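# Structure at a glance
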Amino acid sequence: MKMLQEALREIQRGSAEIIDIERVEKLLKAYFDEGKTYTVKAGFDPTAPDLHFGHTVLLQKLATFQKYGATIQFLIGDFTAQIGDPTGKSVTRKTLSALQIQENAKSYKEQVFKILDPNMTEIVFNSEWINALGASGMLSLTTTYNVARMLERDDFDKRYKSGTSISISEFIYPLLQGYDSVHLKSDIEIGGTDQKFNLLMGRHLQRAYEIGKEQSVLMMPILEGLDGVQKMSKSLNNYIGVADAPNDMFGKVLSISDALMWRYYELLSAKSLNEIEALKSGVANGSLHPKSVKEELSMEIVERFHSKEAAQNAKDEFERVHSNSQIPTDIEEFSCNEEIWIAKALVDCNMAPSTSQARRDIKQGAVKINQEKISDEQLQLSSGEYILQVGKRKFAKLKVN
RNA sequence: GGUGAGAUAGUCAAGUGGCCAACGACGGCGGACUGUAAAUCCGCUCCCUACGGGUUCAGAGGUUCGACUCCUCUUCUCACCA
């Protein structure tokens, strides 16, 4: 009984909304009492296999479910990708070749199994059953819903009212996503809050097709990016990529604000709620320094995506560079063949976008050569080796021949 | 299809003939303080070996000694009407 309560708490952790929690509770109870497993579905887009931490929020939740007896239906929407989820922006998507999809799927696996247990995960492609549906199957799918209800979806509603075009195929998208749940007989589906309409469609269609169950739906919030305000996204450049190098990953996590750290703990850490509570009260009563708590999170994360050694190295490296202001161990090396003007050198080493900026940096005292701050904008570097530094984070080694 | 409004640096947004490389805000970068946190303070933020020069205000022409500012055309965006 206590186990059940704890499991429920972990499952609800960080979620934005859960529909039909009673059913989730029943599934968990059946698992604890009789060892009965159940299925949790989550859909992913085959076009974007390079994940950032925003995506891993869902994966983390799936991992929690696995802990409590779920088999994950990791669905790659290779068919639905041809339509594109109706956002209003994307017009027509180019279709991916079977080969590309296979490659993307492979790279998904590499990244995803750092979080999920492969033994409790099925990777499925929805083209398999949707192609088999045929024209008549598709037709009968469309009879389960009507236009008025379809227009309830927020973005359809807005676009319809503002007179922006909505293609019929876009109406099909939620239906197909819902049909996936029919075919897979999913017990639970999880997705982002923006997916609510589509997720509920799964419930509707499971009822319409009388498969004898209606999936519960769990929605996760959108993860804030490093700035703590806007959603994590590549285009805003406030993201941590799953494939980021250990040192970058470590530094990025450590650079988030203290408030955001708890959010990241909640959504990204594999630590239990009880452990996190302990950390929180430790910080509150002063027995733990917030920085060390943040370091712990950074370590955990780097370890998950790389290795324990990498995490330790990242930490050591970080301390060396920032606490003791020494030079990082591996820095990019450049070389040139003749005496070079310092501003030009900074541009050539990708440390400044223009000589104008390089001059400004020098004027502001941001540039160091071999740990020494310089102020002469006209400085010429004659032959030798130099460690160049701009600000706190940018380093390069330059060899002048 | 008709009418009206608009397009300015990464974003928002001033500027309606010279004082404009262009107010301000946000973002970004650097410095101080720190825990590469937050908050705060200060500086910088088109390019160029630079007390000077070059190229910018949707695009192309024109008027003028001089245009981001005026005129013409083009492209695009928005609002209202149909």
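Residues numbered from 1 in each chain as written. Chains lettered and ligands numbered in written order. Predicted model: local features only at pLDDT ≥ 70, side-chain atom pairs only at ≥ 80, totals over all residues. Heavy atoms only, no water.

### What to know about the protein's contact with RNA strand B
Looking at RNA strand B, there are 24 residues lining it, with Ser257, Lys294, Phe318, Ser356 and Gln378 nearest. What you see for RNA strand B is that sugar and phosphate hold 45% of its atoms within 4 Å of the protein. Within the contact set of RNA strand B, a sugar or linking oxygen lies 3.3 Å away from a backbone nitrogen or oxygen of Ile256. At 3.1 Å from a phosphate oxygen of RNA strand B is found a side-chain nitrogen or oxygen belonging to Lys291. Of all the secondary-structure elements, those providing two or more residues to the surface near RNA strand B are helix H13 (290–305), helix H14 (308–323) and helix H16 (355–363). Counting residues per element, the surface near RNA strand B draws most heavily on H16, at 4 residues. The class makeup of the residues in the surface near RNA strand B is 5 nonpolar, 12 polar and 7 charged. (Near = heavy atom within 4 Å. Polar contact = N/O pair within 3.5 Å; in protein donor to acceptor, adjacent residues only side chain to side chain. Helix = DSSP H or I, 4+ residues; strand = E, 2+ residues; numbered from the N terminus. Nonpolar A, V, L, I, M, F, W, Y, C, P; charged D, E, K, R; others polar.)

### Brief notes about unusual backbone geometry
Of note, the phi angle at Asn350 is positive, near 60°, even though the residue is not glycine. On the basis of relative accessible area, Asn350 is assigned to the exposed category, the value being 60%. Unusually for a residue other than glycine, Gln371 sits at a positive phi of about 75°. Here Gln371 lies in the loop between strand S9 (367–369) and strand S10 (372–373). Under the relative-accessibility criterion, Gln371 is labelled partly exposed at 40%. (Buried < 20%, exposed > 50% of the residue type's maximum accessible area, 1.4 Å probe, protein only.)

### Description of the packing of helix H1 (residues 2–12) against helix H2 (residues 21–34)
A pair of packed helices is captured by two measures, namely the crossing angle of their axes and the spacing between those axes. Two numbers describe how H1 lies on H2: the axes approach to 10 Å, and their chain directions differ by 135°. Comparing their axes, H2 and H1 come out oblique. The interaxial crossing formed by H1 with H2 has right-handed handedness. Residue-level inspection shows Met3, Leu4, Ala7, Leu8, Ile11 and Gln12 of H1 in contact with H2, the latter providing Ile21, Val24, Glu25, Leu28, Lys29 and Phe32. (Axes fitted to C-alpha atoms, helices over the stretch in contact; angles between N-to-C directions. Parallel < 35°, antiparallel > 145°, perpendicular 65-115°, else oblique. Left-handed = near helix turned anticlockwise from the far one by under 90°. Contact = heavy atoms within 4.5 Å.)

### Let's talk about the sheet that holds S9
An order of S7-S13-S12-S9-S10 is seen for the 5 strands of this open sheet, with the pairing classed as mixed. Among the strands making up the open sheet, the edge pair consists of strand S7 (333–336) and S10. (Pairing = 2+ DSSP bridges.)

### Some details on the nonpolar core
Counting 64 residues, the largest nonpolar core has Phe53 and Phe65 as its most contacted members. If we skip the residues at most four places from it in the chain, Phe65 touches Ile11, Tyr38, Val40, Ala70, Ile72, Ile188, Ile190 and Leu218. (Core = buried A, V, L, I, M, F, W, Y, C linked by side-chain atoms within 4.5 Å.)

### Some remarks on the layout of surface pockets
Estimates place the volume of the second largest pocket at around 880 Å³. Lining the second largest pocket are 29 residues, with Asn247, Asp248, His322, Arg393 and Lys394 sitting closest to its centre. The set of elements that each furnish at least two residues to the lining of the second largest pocket consists of helix H10 (246–254), H14 and strand S13 (394–400). Here the lining of the second largest pocket takes 6 residues from H10, the largest share from any one element. Of the residues that constitute the lining of the second largest pocket, the class distribution is 15 nonpolar, 6 polar and 8 charged. (1 Å grid on protein atoms, 1.4 Å probe; cavity = no way out; pocket = protein on both sides within 12 Å on 5 of 7 lines; lining within 4 Å. Points joined across faces, edges and corners; volume = space filled by probe spheres on them.)

### Overview of the pairing of strand S3 (residues 70–76)
Counting buried residues along S3, 6 of its 7 residues qualify, which places the element largely inside the surrounding structure. Judged from the 7 bridges that link them, strand S2 (residues 38–44) and S3 form a sheet pairing that is parallel. Within S3, the residue paired with Val40 across the bridge is Ile72. Sheet topology places S3 next to strand S4 (residues 121–125); 5 bridges connect them, and they run parallel. Across the sheet, Phe74 pairs through a bridge with Ile123, a residue of S4.

### Structural notes on the pattern of salt bridges
As enumerated under the stated definition, the model contains 20 salt bridges in all. Of the charged contacts in the structure, one is a salt bridge between Lys344 and Asp348, with a shortest N-O distance of 3.5 Å. Of this pair, Lys344 and Asp348 both sit in helix H15 (residues 342–348), 4 residues apart, roughly one helical turn. Under the relative-accessibility criterion, Asp348 is labelled partly exposed at 38%. The network of salt bridges with common partners includes Asp20, Arg203, Arg207 and Glu214. (Salt bridge = Lys/Arg side-chain N within 4 Å of Asp/Glu carboxyl O.)

### As for the sheet that holds S4
On the basis of which strands lie adjacent, the open sheet formed by 6 strands has the order S1-S6-S5-S2-S3-S4 and mixed pairing. Sheet topology places strand S1 (17–19) and S4 at the edges, where each strand pairs with a single neighbour. Averaged over all adjacent pairs, the angle separating strand axes in this sheet is 20°, with direction ignored. Bridge analysis of strand S5 (residues 188–192) against strand S6 (residues 216–220) gives 5 bridges, and the strand direction is parallel. Opposite Gly191, over in S6, you have Met219 as the bridge partner.

### Digging into the confidence of the model for chain A
Predicted coordinates in regions of low pLDDT should not be interpreted in detail. Across chain A, the average pLDDT comes to 88, with 94% of residues at or above 70. Of all secondary-structure elements in chain A, the lowest mean pLDDT belongs to helix H7 (residues 154–162), at 72, while S6 reaches the highest, 95. A low-confidence stretch, residues 88–92 stays under pLDDT 50, and its non-local contacts, those more than four residues away or across chains, total 2 contacts. We note a pTM of 0.83 for the whole complex and an ipTM of 0.85 for its interfaces. (pLDDT = per-residue confidence, 0-100.)

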